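# Coordinate inspection notes
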Amino acid sequence: MVSLRLPLPFMSAFALTGVERDRPLRNQIREMLHTNCQRRRELLRQGELTEEKRDAILPLHCFQFAIHLLAHDPALTSWTDAEAMQNSRECLWFLMEPLLQDELGFSYLKRLAESIKIRVDAEDTAFSEKIYGLCDLSLNLLLSRGAHCLLRDLPKEPLIINTMFKMHPDPNFVNSKVYLPLELTIKRKEAPVKEAEESVSDNDEQSMMLTNLDDEEVTPRREVPEKKTKKKAADEDEKTPRKAKKKPVVHDDESGSAAKESVRRSSRRKVEPQSSEEEKSSEEKESSEDEEEEKEKASPPVRRASKRRKK
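All values reported here derive from a predicted model rather than from experimental measurement.

Rules used in this analysis
- Residues numbered from 1 in each chain as written.
- Predicted model: local features only at pLDDT ≥ 70, side-chain atom pairs only at ≥ 80, totals over all residues.
- Heavy atoms only, no water.
- Core = buried A, V, L, I, M, F, W, Y, C linked by side-chain atoms within 4.5 Å.
- Buried < 20%, exposed > 50% of the residue type's maximum accessible area, 1.4 Å probe, protein only.
- Helix = DSSP H or I, 4+ residues; strand = E, 2+ residues; numbered from the N terminus.
- Contact = heavy atoms within 4.5 Å.
- Phe/Tyr/Trp six-rings, centres within 6.5 Å; stacked < 30°, edge-to-face > 60°.
- 1 Å grid on protein atoms, 1.4 Å probe; cavity = no way out; pocket = protein on both sides within 12 Å on 5 of 7 lines; lining within 4 Å.
- Points joined across faces, edges and corners; volume = space filled by probe spheres on them.
- Nonpolar A, V, L, I, M, F, W, Y, C, P; charged D, E, K, R; others polar.
- Axes fitted to C-alpha atoms, helices over the stretch in contact; angles between N-to-C directions.
- Parallel < 35°, antiparallel > 145°, perpendicular 65-115°, else oblique.
- Left-handed = near helix turned anticlockwise from the far one by under 90°.
- Polar contact = N/O pair within 3.5 Å; in protein donor to acceptor, adjacent residues only side chain to side chain.

If you look at the biggest cluster of nonpolar residues, it comprises 52 residues, and the most contacted ones within it are Phe63, Ile67, Leu92 and Leu95. Counting only elements with at least two residues in this core, the list comes to α1 (23–46), α3 (63–71), α4 (82–99), α5 (105–116) and α6 (128–144). With nine residues, α4 is the largest single contributor of residues to this core. Apart from residues lying up to four places away in sequence, leucine 95 is in contact with Met11, Phe14, Ala15, Leu33, Cys62, Phe63 and Ala66.

What follows is the structure, given as C-alpha cells:
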C-alpha cells in the first residue's frame, strides 16, 4: 500500500483500523495511511494527467469504497443498532482525518455523501438503508469534527462508480430521512443562529434606510430661532451683571486741579499693583499733599486781610 502497487480500492481497508484497540499498531497504520495520501498528492502535482488516471490516484476517491465495504460488514446488522453504528463511525473518521487535509477534502466528501444517499446498492437493495446510515454518519462527522474546514467550489462533480451504487428507479427521488439513532445525532444550537439572523436583518434594514435616503432629495432644514418667553428673558437679565451708571462729577474751580490729580493717582494704582507697605506709604503721602494744598488755598485771603489791617 505504501509503495502504491495496489490499486485505490484497497486503500479503503485502512478504515477497518478504527475498531483496533492496540494503540501502537493503530498509530503505525495511521502513519502508513498519511504517507500513502502524501505520495498520491505528489503524483498529482508532477505533471498533466488524464481524468481517468487522476481518479485512479486521487486519495479522496477511496471514500466511496469504504462506505460500500462498511455497509456489507456483517457486524453492522441495521442502521438502528447504536453500538454497531458507533464502531462504523470510528472507522469512517480514521479514514476521513487524513483526507480532510486536502484543500477540497471537506467539499468533496460532503458532495460525495449527498450523491450516494440518493442512489441504491447495485448488488442488493436491502443494503441501501445501511448505506444511507453511513452517509449520514459521514455528514455528521463533517459538521462536528470538520467544522474548521472551508466549503469550496469543486471543479467537477465527484465520480461515483455505478458498479457499487446505481441510480434510484425514481429520477425525482429525494432522500430527506435521517438514518441515525438518537444517540449519534447532533443537537445544533439555535440561539447563536438566531442572534446572527437578527444582526443580519438589522444590517439589511439599515442598508435599506441608507439607500432610500440616497434616492430621495434631501432638503436642508432651516434653523428656526427659539422664541424667548418672559421667564427666559428674566433669567437672562438676572444672569447678566448690571453696569452701574456713572454720575457726572462737578468740580469747583478751586478744587479742580486737586480732583484731576486724584484721578491720575487712582489710575496709576489700577495699572501698577503695589504691595501692602507701598500702598500705605503712598496713601500717607497723598493725604499729606492734600492737607498742604488745602492750607495753601486757605492762606492767600488771610495774608491779604493782614496787609489791609497794617495799612
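Now that the structure is up, let's keep going.
Looking now at the packing of aromatic side chains. Tallied over the entire structure, the rule returns two aromatic pairs. Seen in terms of ring centroids, tryptophan 79 and tyrosine 179 are 5.4 Å apart; in terms of plane orientation they differ by 80°. Their pairing is edge-to-face. Note that tryptophan 79 is positioned in the loop between α3 and α4 and tyrosine 179 in the loop between β2 (165–167) and α7 (190–215), a separation of 100 residues in sequence. Accessibility classification places tryptophan 79 together with tyrosine 179 in one group, the buried group. Ring geometry for tyrosine 132 and tyrosine 179: centres 5.3 Å apart, planes at 50°, overall tilted. Linking tyrosine 132 in helix α6 with tyrosine 179 in the loop between β2 and α7, this pair joins segments that are 47 residues apart in sequence. According to the relative accessible area criterion, tyrosine 132 is buried, its value standing at 5%.

The next point concerns the layout of surface pockets. Taken as a whole, the largest pocket holds about 490 Å³ of empty space. Along the wall of the largest pocket there are 18 residues; nearest its centre are Leu44, Arg54, Leu58, Asp102 and Leu104. Those elements that place two or more of their residues in the lining of the largest pocket are α1 and α2 (51–57). Broken down by class, the residue content of the lining of the largest pocket amounts to nine nonpolar, one polar and eight charged.

For the rest of this paragraph, the subject is the packing of α3 against α4. Put simply, α3 and α4 touch, their axes get as near as 11 Å, and they point 170° apart. Between α3 and α4, the angle falls in the class roughly antiparallel. Contact residues: Phe63, Ala66, Ile67 and Leu70 in α3; Ser88, Cys91, Leu92, Leu95, Met96 and Leu99 in α4. Taken together, the residues of the contact of α3 with α4 break down into nine nonpolar, one polar and no charged.

For any two helices packed against each other, one specifies the crossing angle of their axes together with the interaxial distance. As a packed pair, α3 and α5 sit with axes 10 Å apart at the nearest point and diverge in direction by 45°. Compared by their axis directions, α3 and α5 come out oblique. You can see that α3 and α5 cross each other, and the crossing is right-handed. When α3 is examined against α5, the residues Phe63, Gln64 and Ile67 are found in contact with a partner set consisting of Leu109, Leu112 and Ile116. Tallied by class, the residues present in the contact of α3 with α5 amount to five nonpolar, one polar and no charged.

Tracing the backbone through its elements, the reader meets asparagine 175 in the loop between β2 and α7. What makes asparagine 175 buried here is its relative accessible area of 11%. Within the structure, asparagine 175 has its side chain in polar contact with the backbone oxygen of lysine 117 (distance 3.1 Å). Discounting chain neighbours no more than four positions away, the residues touching asparagine 175 are Lys117, Ile118 and Tyr132.

No statement about biological role is implied by the geometric values presented.
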